[in-house]
Amino acid sequence: MVSYTLRRDRSLPRVSWSSVVEMKSGKSFEGESVRSFLERVRTFTERRPEREPAGSMTMEGSGIGEVVVYSMAMSPYAAAVRLLLAEKGVEYSKTEIKGMKREQIQPWFARINPKMTVPAVTLAGEGGVETTLTDSREALAYFEREGAPGRRLVDPAKERETWSLVDEAYAIQLAALYCDRFRRTKPAVLEMMEDMHAKLLSELGRLSEEEPQLREEYEAKKREKETYLENFVRGSGKVAENEARAKALLDRAESLLGPPSTQEQEGFLFGKYSVADVVLTSLLATLLTFDCEPLQGRPNLAKYWDRVRHRPSYAKAGVVHSLPLWVRVMTSLASAYYGGRAAIARMLKAK
């Protein structure tokens, strides 16, 4: 079983509306600069256990021993893998990668997953041989292969349609959608993301020099993050095509979930709950997290969402469909800080 620990930290000052007003005016916050306070919030929010242990890991007959999932709570791709394992009854340990501390680019993790992304899944096999899966789509297929532990989540008679919908979901670049949402509702968050990526790129450059055996991987990651900045944070050129992909997928799901025909319908995409439902559940959770309104005008999908989020596997996998408190605090403070900074810049320019 995956266990979760909630910790409380009382070292942070209380936030009040008067404090936010002070922040907007550029004043210090209880003797502390706004930038310093934001950094402390970031540090505080990442104080999580490094490893959340499971029970017995031995899966007789599967050739798989201990399963470790390197994850981030808000990653839809990591959520899909955790949800699949929960549905199949496969026990695992979870190591939470602390994105705000940039753990995903540290050498110890880059050696596990050279892509420096989550999820990464390590599996202890026979004779001490370890397998590492560095891509969530790869992990879904691995645990659905012949002889894999747990029950199958793909009906052999509907295998092509099932994986087709999975691949349709994976074709959506979610960053284009949530960055556009921020651009329209909370533009200061994009400024914060720009600053955070500047620090990330700086650290990637430093690590590239300090870790020559990983230089190629770090340089590739730098190029990837620079492309991300240009395509999603600074630009909106990818929005229309990804909105179209999301709409097509959600409309297809709405149709599949419509009134049953002559074949048996159990309220899921292809009859029984499948890997397609795993991926769609994770996608819907992310779209709802960022207020992208995927259920609007889709009554079948709305009923479906109510069913899947109440399955035991949803809670067991720790899927989230709203911004955690620490993220809401950060975005509010970012709006105050960057909004205040922009106002001061306008005043100085006017002079």
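Computed from a prediction, not measured in an experiment: that's the story for all the values here.

This part covers the overall build of the protein chain. A tally of helices and strands in the protein chain yields 14 helices and four strands. By residue count, 47% of the 351 residues in the protein chain fall in the buried class. Of the contacts formed within the protein chain by residues at least 6 apart in sequence, a portion of 71% connects residues at least 24 apart. Of the accessible surface of the protein chain, which amounts to about 17,700 Å², a share of 53% is contributed by carbon and sulfur atoms.

Next up on the list: the sheet that holds strand S4 (residues 130-133). The mixed open sheet is built from four strands, whose spatial order is S2-S1-S3-S4. Edge positions in the sheet fall to strand S2 (93-96) and S4, since each has one partner strand and no second. This sheet shows a mean twist of 20° between the axes of neighbouring strands, independent of strand direction. With four bridges joining them, strand S1 (residues 67-71) and strand S3 (residues 120-124) adopt antiparallel strand pairing. Residue pairing across strands places valine 67 opposite leucine 123, the latter belonging to S3. Strands S1, S2 and S3 of the sheet are contacted by helix H3 (residues 76-88), whose axis makes an angle of about 150° with S1.

A word on helix H7 (residues 174-185). Between its terminal C-alpha atoms H7 stretches 17 Å, which fits the 16 Å expected from 12 residues at 1.5 Å a residue. The complete set of buried residues in H7 reads Leu174, Ala175, Ala176, Leu177, Cys179, Asp180 and Phe182.

This part is about the side chain of glutamate 96. As for its placement among the helices and strands, glutamate 96 is situated in strand S2. What makes glutamate 96 buried here is its relative accessible area of 5%. Only 2.7 Å separates the side chain of glutamate 96 from the backbone nitrogen of alanine 73, close enough to count as a polar contact. Separated by 3.1 Å, the side chains of glutamate 96 and lysine 94 make a polar contact.

This part takes up the nonpolar core. The biggest cluster of nonpolar side chains holds 54 residues, and the ones touching the most others in it are Val67, Val121, Phe143, Leu269, Leu280, Leu301 and Tyr304. If one sorts the elements of this core by residue count, helix H11 (residues 275-289) sits on top with nine residues. Discounting residues that sit within four places of it in the chain, valine 121 has contacts with Val67, Val68, Val69, Val81, Thr131, Thr132, Leu133, Ala139 and Phe143. One finds Leu201, Leu229, Val327 and Tyr337 within the second-largest nonpolar core, a separate group that totals 31 residues.

We now examine the environment of leucine 288. Tracing the backbone through its elements, the reader meets leucine 288 in helix H11. Along the primary structure leucine 288 and serine 322 are separated by 34 residues, whereas in three dimensions their C-alpha atoms are 6.6 Å apart. Setting aside residues up to four positions removed in sequence, leucine 288 forms contacts with Pro294, Leu295, Trp305 and His321.

On to helix H6 (residues 159-170), then. Each α-helix turn comprises 3.6 residues. Residues three or four places apart therefore point the same way. Between the first and last C-alpha of H6 there are 17 Å, a value that for 12 residues agrees with the 16 Å anticipated at 1.5 Å per step. Within the sequence span of H6, burial applies to Thr162, Trp163, Leu165, Val166 and Ala169. Buried residues of H6, viewed axially, fall in a sector of 155°; they line one side.

Thresholds applied
- Residues numbered from 1 in each chain as written.
- Predicted model: local features only at pLDDT ≥ 70, side-chain atom pairs only at ≥ 80, totals over all residues.
- Heavy atoms only, no water.
- Helix = DSSP H or I, 4+ residues; strand = E, 2+ residues; numbered from the N terminus.
- Buried < 20%, exposed > 50% of the residue type's maximum accessible area, 1.4 Å probe, protein only.
- Contact = heavy atoms within 4.5 Å.
- Areas by Shrake-Rupley, 256 points an atom, 1.4 Å probe, with all protein chains shown as cover.
- Pairing = 2+ DSSP bridges.
- Axes fitted to C-alpha atoms, helices over the stretch in contact; angles between N-to-C directions.
- Expected span 1.5 Å × (residues − 1).
- Polar contact = N/O pair within 3.5 Å; in protein donor to acceptor, adjacent residues only side chain to side chain.
- Core = buried A, V, L, I, M, F, W, Y, C linked by side-chain atoms within 4.5 Å.
- Arc of directions from axis to C-beta.

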